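Okay, here's what each chain looks like letter by letter:
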Amino acid sequence: MGEALAIDAEVYRRLGAWHGELTALRRELHAMPELGFQEHKTSARIEQALRVIGVDEVHVGIGRTGLVALIHGRRRSSGRLLGLRADIDALPLQEASDLPWRSATPGRMHACGHDGHTAMLLGAARYLAETRNFDGSAVLIFQPGEEGYAGAREMIADGLFERFPVESVYAMHNWPHLPAGTIGLNEGAMMAASDKVEIVIRGRGGHGAHPHLSVDPVLVAAHIITAVQSLVSRNVAPIDQAVVSLCAMQAGDLNAFSVIPDEARLIGTVRSFKPEVQQLIEQRLEALVQGVASGFGAEARVDYQRSYPATINSAAEARFAMQVAESLVGPDRLIRDLPPSMGSEDFSYMLQVKPGAYLRLGQRSERCQAGLHNPHYDFNDDVLPLGAALFASLIEQGLPLAAPEPSIATP
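Draft legend 1. Just the sheet that holds strand β13 (residues 299-306), in detail. Taken in spatial order, the four strands line up as β10-β12-β8-β13 in an open sheet, and their pairing is antiparallel. Every interior strand has two partners, whereas the edge strands, β10 (242-251) and β13, have only one. For this sheet, the mean inter-axis angle between neighbouring strands, taken without regard to orientation, is 20°. When β10 meets strand β12 (residues 263-272), the two strands line up antiparallel, connected through nine bridges. Across the sheet, residue Val244 finds its bridge partner in β12, namely Val270. Helix α7 (residues 217-228) rests against β8 (193-202), β10 and β12 of the sheet, and its axis sits at about 170° to β10. Sheet strands in contact with helix α9 (residues 275-295) are β8, β10, β12 and β13, and its direction is about 165° off that of β13.

In structure tokens, the structure reads:
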């Protein structure tokens, strides 16, 4: 375990005293990774920890394998509820490290730090349950299936915000591109919408020595790959951002060097921040593919699947989160205008229903330099107390205790 960060805040000092316990818990979770909606052991371990901590309520099975814990403040006169969310699932990836706490399940790995997010929220739960220095209730959301399963949408459909009507909700994600102890966010788009595209091109197969007797779908695919690069550069306004990437192609048989196949398939992704840009790309992609295919005498089909929407911070809640973060790390380690990422995140579903903010917690260190979704990745345990303190401070500062009423002396 590395050295503690230099942070002068009571909440951080208190959580720092539990650093060893938080690290042990994080590494325990790391060794038992489970995919989306299969997090049965993970959920059971979280529930066990919450009951030991002494939260007021634990609700299980929300969104299949999700959990929600409630912690009531010293006062509840405000009637207010604030939400904190951590994702709990892992990735279908083979870990390449030789760490003592490496994954014990082949082909499964916590390569995105959800083990750390969970440990930080449990650390915040312990602090809040012991201190209760707030007026209202903290709603702690342990969400399954973030990695492609839309677990946030599943919890919402299961009545998450009807049962726990928070006024705002916050989440954070570790970020290996930022130094440990740095916090970054902005007042708008944080993550892009993520769409999946599959293009199927049907031609007419034949012999490579007689191409004039066939309709070559590989040639059509090549022209589509090139033409698609114009979608952003010549259709999307330069001040907007979008990415279209065709990432894989499948056609023919590598052993049949002289056979023109009947069919070619392309798979890719579209990333954008604005719904109107997303709609524009979907429409132009269909028209472009059909036009190119028709020009070569082939047929084509475009399957455009919208996945996660863009993750957009609401301005007021983002400014509040910046204020809380600055109270912990100071102005020099707070980035208020962090550039958005073209990656995606299903916390976006929660932000479509409730105002809130998504933050990034820097974790880069000499030991932890691998990027997310990398088989060599590991969460930096040095930032566990800071992440937990940030979660807890969002509650304490968001639901402040009112000043005590002055006592009235009796004669």
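The rest of the description comes next.
Draft legend 2. Spotlight on the pairing of β8. Across the ten residues that make up β8, a large majority, eight, are buried. Taken together, the ten bridges between β8 and β12 define a ladder with antiparallel strand orientation. Paired with Ile199 across the bridge in β12 is Leu266. In this structure, β8 lies alongside β13, joined through eight bridges in antiparallel fashion. Paired with Glu198 across the strands is Asp303, a residue of β13.

Draft legend 3. Structural detail: the packing of aromatic side chains. Counting across every chain of the model gives four aromatic pairs. For the ring pair Phe37 and Tyr149, a centre distance of 5.8 Å and an interplane angle of 75° mean the geometry is edge-to-face. On the criterion of sequence distance, the pair formed by Phe37 in the loop between α2 (19-30) and α3 (40-53) and Tyr149 in the loop between β4 (137-143) and α5 (151-157) is long-range, its members being 112 residues apart. Residue Tyr149 is classed as partly exposed on the basis of its relative accessible area, which comes to 38%. Its guanidinium or amino end placed over the ring of Trp175, Arg360 lies 4.1 Å from that ring's centre, counting from NZ or CZ.

Draft legend 4. Focus on the pairing of β4. By the criterion of burial, β4 is predominantly enclosed, with seven of the seven residues buried. The alternating pattern of β4 places Ser137, Val139, Ile141 and Gln143 and Ala138, Leu140 and Phe142 on opposite faces, both of which are buried. Sheet analysis places strand β2 (residues 66-72) next to β4, joined by six bridges and oriented antiparallel. When the sheet's bridge partners are listed, Leu67 is paired in β4 with Phe142. Here strand β3 (residues 81-87) pairs with β4 via seven bridges, running parallel. Each residue of the ladder has a partner; that of Leu81, found in β4, is Ser137.

Draft legend 5. Representation of the side chain of Glu147. If you trace the backbone, Glu147 turns up in the loop between β4 and α5. Here Glu147 occupies a buried position and makes no salt bridge, while the nearest side chain of opposite charge, Arg85, is found at 8.6 Å. Separated by 3.4 Å, the side chains of Glu147 and His114 make a polar contact. Within the structure, Glu147 has its side chain in polar contact with the side chain of His373 (distance 3.4 Å). Once you skip the residues sitting within four places of it in the chain, Glu147 turns out to touch Asp89, Ala90, Leu91, Cys112, His114, Tyr308 and His373.

Definitions and cut-offs
Each chain has its residues counted from 1, running along the sequence as written. Thresholds applied to this predicted model are a pLDDT of at least 70 for local features of residues and 80 or more for the giving and counting of side-chain atom pairs; totals over whole chains, interfaces and linings are not thresholded and use all residues. Working from all heavy atoms in the structure, the side-chain values ignore hydrogens and water. At least two bridges found by DSSP between two strands is the condition for calling them paired. Only DSSP runs of H or I with at least four residues qualify as helices, and only runs of E with at least two residues qualify as strands; both kinds are numbered from the N terminus onward. Only the stretch in contact is used when fitting a helix axis, every axis being a line fitted to C-alpha atoms; angles between N-to-C directions are given from 0 to 180 degrees. Any two residues having at least one pair of non-hydrogen atoms within 4.5 Å are treated as being in contact. Here's how the labels work: a residue is buried when its accessible area is under 20% of the maximum for its type, exposed when over 50%, partly exposed in between, all with a 1.4 Å probe on protein chains only. Ring pairs shown here join Phe, Tyr and Trp side chains whose ring centres sit within 6.5 Å, with only the six-membered ring taken for Trp; geometry is labelled stacked below 30 degrees between planes, edge-to-face above 60, and tilted in between. For a ring to carry a charge above it, either NZ of a lysine or CZ of an arginine must fall within 6 Å of the ring centroid while also lying within 35 degrees of the normal to the ring plane. His is not counted, nor are the chain ends, whereas Lys and Arg count as positive and Asp and Glu as negative. Here a salt bridge means any side-chain nitrogen of Lys or Arg lying within 4 Å of a carboxyl oxygen belonging to Asp or Glu. What qualifies as a polar contact is a pair of N or O atoms within 3.5 Å, subject to a donor-acceptor requirement within protein and to the restriction that residues adjacent in sequence count only when both atoms come from side chains.

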